[in-house]
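As a plain string of letters, each chain reads:
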Amino acid sequence: MSGLVRLVVNGRPVEVPAGASVAAAVAHVTPHLRRSVDDAPRAPLCGMGVCFECRVRVDGVAHVRACMTPAGEGMQVVTDA
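Owing to the predicted nature of the structure, the values given are computational and were not obtained by experimental measurement.

Draft legend 1. Representation of the sheet that holds strand 7 (residues 76–78) within the structure. The five strands are arranged 2-1-7-5-6 in an open sheet whose pairing can be described as mixed. Of all the strands in the sheet, just strand 2 (12–17) and strand 6 (61–65) have a single pairing partner and so form its edges. The average undirected angle you get between the axes of adjacent strands in this sheet is 40°. Here strand 5 (residues 55–58) runs beside strand 7; their pairing, made up of two bridges, is antiparallel. Among the inter-strand pairings, Val58 is bridged to a residue of strand 7, identified as Val77.

Draft legend 2. Representation of the environment of Thr30 in the model. Here Thr30 shows up in the loop between helix 1 (22–27) and strand 3 (34–35). Residue Thr30 is classed as buried on the basis of its relative accessible area, which comes to 16%. Contact partners of Thr30, with chain neighbours within four places excluded, come to Asn10 and Thr79.

Draft legend 3. Fine view of the pattern of salt bridges. Scanning all chains against the criterion turns up four salt bridges. In this structure, Glu15 and Arg6 form a salt bridge, with 2.9 Å as the shortest nitrogen-oxygen distance. With a shortest N-O distance of 2.6 Å, Glu53 and Arg42 are connected by a salt bridge. Remark: Arg42 occurs in strand 4 (residues 41–42) and Glu53 occurs in the loop between strand 4 and strand 5; sequence separation between them is 11 residues. Arg42 sits in the partly exposed class, given a relative accessible area of 28%. Sharing partners across several salt bridges, the network here consists of Arg34, Arg42 and Glu53.

Reading the values: rules and limits
Residues numbered from 1 in each chain as written. Predicted model: local features only at pLDDT ≥ 70, side-chain atom pairs only at ≥ 80, totals over all residues. Heavy atoms only, no water. Pairing = 2+ DSSP bridges. Helix = DSSP H or I, 4+ residues; strand = E, 2+ residues; numbered from the N terminus. Axes fitted to C-alpha atoms, helices over the stretch in contact; angles between N-to-C directions. Buried < 20%, exposed > 50% of the residue type's maximum accessible area, 1.4 Å probe, protein only. Contact = heavy atoms within 4.5 Å. Salt bridge = Lys/Arg side-chain N within 4 Å of Asp/Glu carboxyl O.

Structural data, given as structure tokens:
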């Protein structure tokens with residue numbers, strides 16, 4: 001086993017170390033995960049799942065907290081940013 005997880009973020013293939021979060025994988029593609037209601041870019045803030053600023057869509061499931069979700073092989077991640 002190589003110790004890497006391969007997933008797709010916004011259509012781009014990304015590799016991160018096994019055990020890394022989805023937020024870490026997203027950081028390889030964009031610093032922003034979504035936009036607020038007033039169109040301000042939002043990114044992970046607390047890193048522990050309390051602020052909900054890191055919400056993304058994973059494999060079609062909306063509002064997944066990227067900072068709390070381990071990256072998984074073949075995941076399809078879409079940000080709103």
